[in-house]
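Fold and geometry: a report
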Amino acid sequence: MSPSQDFAQRVLHWRDEHGRTDLPWQQRRTPYRVWISEIMLQQTQVAVVIPYFERFMARFPNQIALADAPLDEVLAHWSGLGYYARARNLHRAARLIRDQHHGCFPSDLAAVQALPGIGRSTAGAILSLACGQRHPILDGNVKRVLARRFGVEGWPGKSDVLARLWELAERCTPDERVDAYNQGMMDLGATLCTRHRPACQDCPVRQSCIACLQGRQSELPAPKPSKTLPTRATLMLAIRNGDGEILMEQRPPTGIWGGLWSLPEATTDTSPEQWCQAHLGVAPSEVEMLPQRRHTFSHYRLTIHVAAIKIATAPCLVEERADRRWEQVTNARQLGLPTPIGRILAELQNDSH
DNA sequence: AAGGCGGGGAG
DNA sequence: CTCCCAGCCTT
């Protein structure tokens, strides 16, 4: 048996033992009932959907009733679920079914997918669950299960990653009992293979799951890349005097790293030589640019350029300022330091040894 | 406080 | 193709 067939058989067996079969839309499964439930479940959890589904079905028992109802009443029955564009799409689609499909829900995948608000996955779910047609589905739960089991790298929002997941979904879908398999995949993702702390010990495919075997459940599927924060740059001056001391500077009480001890800072277009001349009245004997470091704040990313500077003369030329001190690096590391500054000092200390 | 959820529409 | 959005919910 191929890995994908083995996978499907295990999912089916698990579904037979542990799947839910008592949900309202699992009774009297018609395309209409599956459709409404799938749209509701796209945005809301099962427990919340149940009463909405019951009320909706009581008022709009089929696509004709929905098509004939005024939009306002449909929206009223959707009120509290959010994403109201979907209620409008439901209504539009019902009218299309009434007017262009003679009131019969289409049984062709392309025709179902052409209805507003129904994409490939929802179309596949309707026709597989209600009609037993062999179509793969790929909602958020299924994406997570497949990405973990088959070790699919990358964020599923990327088109190539998504294409790979569809390919796997297609390959794993069995010829028999597609409805039970698709339902099982959704149940698996919703109950065991959850985003956080999945219950791998209870999973029917744990012994062949790449994520589980490699302990990478938290890395798969890869999360959406956080939106790129604005980047700023700064120059930190690590200035050592003839005694090996480093010049520390206390930051202003407010703002970034307020009140913490740090290194003297300058804009990145400042030349270190120029800065030393202007602020210390001496020319450095040695200037070396260290590798840049990056630090991320909640609202921006900071690129830190580090200049390692040696001055030969005694520190007596520093103007008297309470917010500046010469410190042995060991002592400086005891001060309250921002994390990236602490790292820089640690590296300077290691390098000088 | 941030990110996820399917599909649709804009750029 | 790659964002960005809708609204509510969980973490």
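Heads up: these notes are all about the structure in this document. Small disclaimer: the values here were computed from a predicted structure and weren't measured. (Residues numbered from 1 in each chain as written. Chains lettered and ligands numbered in written order. Predicted model: local features only at pLDDT ≥ 70, side-chain atom pairs only at ≥ 80, totals over all residues. Heavy atoms only, no water.)

Below, the discussion takes up the overall build of chain A. Each helix and strand in chain A was counted, giving 15 helices and 7 strands. The C-alpha atoms of chain A give a radius of gyration of 31 Å, which is well past the 20 Å a tight globule of 353 residues would have. Taken over the C-alpha atoms alone, chain A extends approximately 95 × 50 × 30 Å along its principal axes. The burial tally for chain A puts 47% of its 353 residues in the buried class. Of all intrachain contacts in chain A linking residues separated by at least 6 positions in sequence, the fraction that spans at least 24 positions is 64%. As displayed, chain A offers around 18100 Å² of accessible surface, 49% of which is attributable to carbon and sulfur atoms. Averaged over its 41 positive side-chain charges, chain A has a centre that lies 5 Å from the centre of its 36 negative ones. (Helix = DSSP H or I, 4+ residues; strand = E, 2+ residues; numbered from the N terminus. Rg over C-alpha atoms; globule rule 2.2 N^0.38 Å. Buried < 20%, exposed > 50% of the residue type's maximum accessible area, 1.4 Å probe, protein only. Contact = heavy atoms within 4.5 Å. Areas by Shrake-Rupley, 256 points an atom, 1.4 Å probe, with all protein chains shown as cover. Lys, Arg positive; Asp, Glu negative; His and termini not counted. Charge placed at Lys NZ, Arg CZ, Asp CG, Glu CD.)

Scanning the entire structure with this criterion turns up 6 aromatic pairs. Just above the ring of Tyr52 sits the side chain of Arg55; from NZ or CZ to the centre is 5.2 Å. The ring of Trp166 carries the charged tip of Arg120 above its face, separated from the ring centre by 3.7 Å. (Phe/Tyr/Trp six-rings, centres within 6.5 Å; stacked < 30°, edge-to-face > 60°. Lys NZ or Arg CZ within 6 Å of the ring centre and 35° of its normal.)

Taken together, 17 residues lie around DNA strand B, and Arg86, Gly117, Thr122, Asp139 and Gly140 are the ones closest in. When the atoms of DNA strand B within 4 Å of the protein are sorted by group, sugar and phosphate make up 68%. Between Ile118 and DNA strand B, the recorded distance is 3.5 Å, taken from a backbone N or O atom to a phosphate oxygen. One of the side-chain N or O atoms of Thr122 is found 2.8 Å from a phosphate oxygen in DNA strand B. (Near = heavy atom within 4 Å. Polar contact = N/O pair within 3.5 Å; in protein donor to acceptor, adjacent residues only side chain to side chain.)

So, on to the packing of helix H2 (residues 31–41) against helix H8 (residues 120–131). Contact pair H2 / H8: the axes reach a minimum separation of 9 Å and the direction vectors enclose 140°. In this view, H2 runs oblique relative to H8, as classed from their interaxial angle. Considering only the axes of H2 and H8, their crossing is right-handed. In this structure, H2 uses Pro31, Val34, Trp35, Glu38 and Ile39 to contact H8, whose residues at the interface are Thr122, Ala125, Ile126, Leu129, Ala130 and Cys131. Among the residues forming the contact of H2 with H8, the class breakdown is 9 nonpolar, 1 polar and 1 charged. (Axes fitted to C-alpha atoms, helices over the stretch in contact; angles between N-to-C directions. Parallel < 35°, antiparallel > 145°, perpendicular 65-115°, else oblique. Left-handed = near helix turned anticlockwise from the far one by under 90°. Nonpolar A, V, L, I, M, F, W, Y, C, P; charged D, E, K, R; others polar.)

Taken together, Gln45, Gly80, Leu81, Gly82, Tyr83, Tyr84, Lys158, Ser159 and His196 make up the full set of residues near DNA strand C. Taking the atoms of DNA strand C that fall within 4 Å of the protein, sugar and phosphate contribute 58% of them. At a separation of 2.8 Å, a base nitrogen of DNA strand C approaches a polar side-chain atom of Tyr83. Take Tyr84: an N or O atom from its main chain is 3.0 Å from a phosphate oxygen of DNA strand C. For the surface near DNA strand C, the per-class residue count stands at 3 nonpolar, 5 polar and 1 charged.

Counting buried residues along strand E1 (residues 231–240), 7 of its 10 residues qualify, which places the element largely inside the surrounding structure. Summarising the sheet, E1 and strand E6 (residues 301–310) pair through 10 bridges and their orientation is parallel. Opposite Arg240, over in E6, you have Lys310 as the bridge partner. (Pairing = 2+ DSSP bridges.)

Evaluation of the coordinates by the stated rule reveals 18 salt bridges. For Arg98, the salt bridge goes to Asp99, with nearest N and O atoms at 2.8 Å. The partner of Asp175 in a salt bridge is Arg134, and the shortest N-O contact between them spans 3.1 Å. Remark: Arg134 occurs in the loop between H8 and helix H9 (140–149) and Asp175 occurs in the loop between helix H10 (159–172) and helix H11 (178–191); sequence separation between them is 41 residues. Judged by relative accessible area, Asp175 falls into the exposed class, the value being 65%. Residues participating in the shared-partner salt-bridge network are Asp68, Arg98 and Asp99. (Salt bridge = Lys/Arg side-chain N within 4 Å of Asp/Glu carboxyl O.)

To continue, consider unusual backbone geometry. With an omega dihedral of -10°, the bond running from Leu220 to Pro221 counts as a cis peptide bond. Despite not being glycine, Arg28 shows a phi value in the positive range, around 45°. Within the fold, Arg28 resides in the loop between helix H1 (3–18) and H2. Take Arg28: its relative accessible area is 62%, and that puts it in the exposed class. Even without glycine at this site, His102 takes up a positive phi of about 55°. Structurally, the position occupied by His102 is in the loop between helix H6 (84–100) and helix H7 (109–113). Taking relative accessible area as the criterion, His102 reaches 74% and is therefore assigned exposed.

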